[in-house]
Amino acid sequence: MEALFQFMTFEELDENEPHSIDSPSESPTEPYYRSVKNVIKIVRTASSLALGRFGRGKKVETTKRAVLTRTVHQLSALALHQVTTVLSGVKSLVSTGTLRPSWDKVTHFGLHFIRSNMNFQYHTMGLVRFGQSNMISMTPSGVTVEKCEFVVDRSKLVTYERDGRAYQQSTECWRYPVPVEDPLNSSEIYTLDGEWVTKPTHSRFSKHRRIIYYIHGGAYILGNAIMYRNLTGILAKNTGIPIFAINYRLAPENPFPAALHDALAGYLWLIDPQNSVFSYTSPDIQRHEPYAPQDIIISGDSAGGGLAMALLNYLNMYLRDKNTCSIIPLPRGAILLSPWVDLSCTSKSWSENQELDFLPPHARKLHEPVFNDFQHPVYSYCFGENTGRPLDILSPTGSEFLNRIPSFISMKKFEEAQSSKQATNGDDAWIQQKMGESERDAIERFVRHPLVSPIFGEFKDLPPILIQAGECELLRDETVALAYKYKTHNKDSDTSWIRHEMYCDMIHDFQLASAWIPAASLSIKQFVHFTHSVLESTKFSDYTPLELTEEEGKLIKMVDSHCFK
């Protein structure tokens, strides 16, 4: 019962307010919602009465009874939503058929079911986290999983940033101040954990010295290594290379740059487990032999793919000494699966593919909540739980007025603005401009930081990268833009090249369905081929594309390998 109380801490919905469980206008389920909402109200009333009788004559805490009431309300709404989902799914198949030529009825209905639940308007962070923590992991046969834990000393980790200051001041990246002193991430000593996913014949203590460093997705607010164990297990099994999957700290409890620092800490743990950054780690933990950076492939999906790319920007743009030498060496290569690299959500595919992908299409409205009581993940990642967070560490401007959200500016600053020359001359518009800059403007600057949205970074001299994306996903266009920008930054390099693969009719994170979707199975084969090819040689001139059958060739809409000599 206690587990039930943990996740239901959301605010009870006000029946007098126009809360809606309506899906976006393009959904065919609209005719069912009016009756469903009435049924929900009946169930809520009945459950409230039942819970009231249950507590009669017993010493039941009022707060727990209220939480339990809200729990029943939430679960009843979720259950009834499944009914409307099934009905609307059947209706859409009968009226319009499958949305894409290559989708069969099972694929169409499965995506409809996921899409409908992703658009369910009564989601709360607690509910989603509860479901995530109780998810049953699906570990493929033939692989083993071993938990890993290490303690990070943040005060020592950020010294790498400070060591790179001289280099930063001589380059364009100095326009983006590094986020070293962030008061919202003030915990100096904290524990990270992850998983080693390997074939039984490949122990992390063996002489098999290659590794894939995997960073999971989840919009920076959800996800863990367990949720992706099926994918990491398949990758470990097919590549024959161990995988280390890290659990980085999530927003909004731990906003940027927590996840980036954790990604760096995980990489440092692989290449130097005896580093002083990990001096608080228990001596009872058996540490692996260091992996050489040239034997590491970094990979990730969705937000994890974006975080992997941000880590490359971090190492390449910020962590260099005054002689431009890397303070921490770059890995051998990277593989990004449907990466989220532009948090401004402005690419055209956000609107073009809104009826096809399962991600909530209204998430493109950056400044609006994704659900009724669920703030946008970008706000969670950038601001955390406090929209009054100072932005001095990230803003290219120097004005103190532009570096703090106006609703949280102290009265003293407001009085100073009123007493200024412009204000005394009656320029009320000036006061409004300085004090009224909204959090929207701050976010617009924030998401263009190259460590937040890595597409805004400098890509010269980065290692080879493979990008896989689906033709029908919302993030399609930003993956194309990332590949093009990488190409233009490395025109004369044979060792810095990128391969972009776009799969026909595929949606976001389609690689997770490799067991039953042929295109996803092919993407795993391409992953394996690229991994082994790059670990043997980073030169594009040495790379030989995987030979495809005629049927496999039809599964890929576009393959673009960028290398200019």
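Residues numbered from 1 in each chain as written. Predicted model: local features only at pLDDT ≥ 70, side-chain atom pairs only at ≥ 80, totals over all residues. Heavy atoms only, no water.

**Student:** How should the overall build of the protein be read in this particular structure?
**Tutor:** Within the protein one finds 20 helices and 9 strands. The burial tally for the protein puts 55% of its 565 residues in the buried class. Across the protein, every contact between residues at least 6 apart in sequence was considered, and the portion connecting residues at least 24 apart equals 78%. When the accessible surface of the protein is summed, it comes to about 24,600 Å², and 54% of that surface belongs to carbon and sulfur atoms. (Helix = DSSP H or I, 4+ residues; strand = E, 2+ residues; numbered from the N terminus. Buried < 20%, exposed > 50% of the residue type's maximum accessible area, 1.4 Å probe, protein only. Contact = heavy atoms within 4.5 Å. Areas by Shrake-Rupley, 256 points an atom, 1.4 Å probe, with all protein chains shown as cover.)

**Student:** Even after reading the chapter, I still don't get the pairing of strand β3 (residues 211–215), so can you show me in this structure?
**Tutor:** For a regular strand, side chains alternate in direction, first toward one face of the sheet and then toward the other. The buried count for β3 comes to 5 of 5 residues, which makes it a mostly enclosed element. Strand direction decides the pairing type here: β3 and strand β5 (residues 296–301), joined by 5 bridges, are parallel. Within the sheet, the bridge partner assigned to Ile 215 lies in β5 and is Gly 300. Of the strand pairs in this sheet, β3 and strand β4 (residues 243–247) are connected by 4 bridges, and their pairing is parallel. The residue of β4 that forms the bridge with Ile 212 is Ile 243. On the question of chirality, the crossover connecting β3 to the parallel β4 by way of helix α9 (residues 229–239) is right-handed. (Pairing = 2+ DSSP bridges. Right-handed = clockwise from strand over helix to strand, strands pointing away.)

**Student:** Help me understand the packing of helix α10 (residues 258–271) against helix α11 (residues 303–318), please; the structure alone is not making it clear to me.
**Tutor:** The angle between the axes and the distance between the axes are what describe a pair of packed helices. Contact pair α10 / α11: the axes reach a minimum separation of 10 Å and the direction vectors enclose 75°. Classified by the angle between their axes, α10 and α11 sit roughly perpendicular to one another. Touching Ala 259, Leu 260, His 261, Ala 263, Leu 264 and Tyr 267 of α10 are Leu 307, Ala 310, Leu 311, Tyr 314 and Leu 315, all from α11. Here the residues of the contact of α10 with α11 sort into 10 nonpolar, 1 polar and no charged. (Axes fitted to C-alpha atoms, helices over the stretch in contact; angles between N-to-C directions. Parallel < 35°, antiparallel > 145°, perpendicular 65-115°, else oblique. Nonpolar A, V, L, I, M, F, W, Y, C, P; charged D, E, K, R; others polar.)

**Student:** How do you make sense of helix α19 (residues 518–536) when you look at a structure like this?
**Tutor:** For the α-helix, the turn length of 3.6 residues means that residues three or four positions removed from each other point alike. Over its 19 residues, α19 runs 27 Å from end to end, which matches the ideal 27 Å to within 8%, given 1.5 Å per residue. Where burial is concerned, most of α19 is hidden: 14 out of the 19 residues are buried. (Expected span 1.5 Å × (residues − 1).)

**Student:** Would you explain the nonpolar core in this entry?
**Tutor:** The nonpolar side chains of a soluble globular protein tend to be buried with one another. Tyr 213 and Phe 244 are the most contacted members of the largest nonpolar core, which has 97 residues in total. Looking at this core, the element that brings in the most residues is α11, giving 11 residues. With near-sequence residues (within four places) excluded, Phe 244 lies in contact with Cys 148, Phe 150, Gly 194, Glu 195, Trp 196, Ile 211, Ile 212, Tyr 213, Tyr 214, Gly 266, Trp 269 and Leu 270. (Core = buried A, V, L, I, M, F, W, Y, C linked by side-chain atoms within 4.5 Å.)

**Student:** Is there a simple way to think about the pattern of salt bridges in this case?
**Tutor:** Opposite charge on two side chains allows them to pair when their charged atoms are near. Counted by the stated rule, this structure contains 15 salt bridges. Put simply, Glu 195 and Lys 147 hold a salt bridge, and the shortest N to O gap is 3.1 Å. You can see Glu 195 sitting in strand β2 (residues 189–198) and its partner Lys 147 sitting in strand β1 (residues 144–153), a full 48 residues away along the chain. The shortest N-O distance in the salt bridge between Lys 525 and Glu 552 comes to 2.7 Å. Residue Lys 525 is located in helix α19, and its partner Glu 552 is located in helix α20 (residues 550–553); the two are separated by 27 residues in the primary sequence. Among the residues examined, Lys 525 registers a relative accessible area of 38% and is labelled partly exposed. Judged by relative accessible area, Glu 552 falls into the buried class, the value being 15%. Salt bridges linked by common partners bring Arg 100, Glu 471, Asp 505 and Lys 557 together as one network. (Salt bridge = Lys/Arg side-chain N within 4 Å of Asp/Glu carboxyl O.)

**Student:** Could you clarify how one ought to interpret unusual backbone geometry in this entry?
**Tutor:** The general pattern is negative phi for most residues beyond glycine and trans for most peptide bonds. Omega for the peptide link from Ala 251 to Pro 252 comes to 5°, which places this bond in the cis form. Its place among the elements puts Pro 252 in the loop between β4 and α10. Put simply, Phe 256 and Pro 257 share a cis peptide bond, and its omega is 10°. Tracing the sequence through the fold places Pro 257 in the loop between β4 and α10. The phi dihedral of Thr 324 falls on the positive side, at around 70°, and the residue is not glycine.

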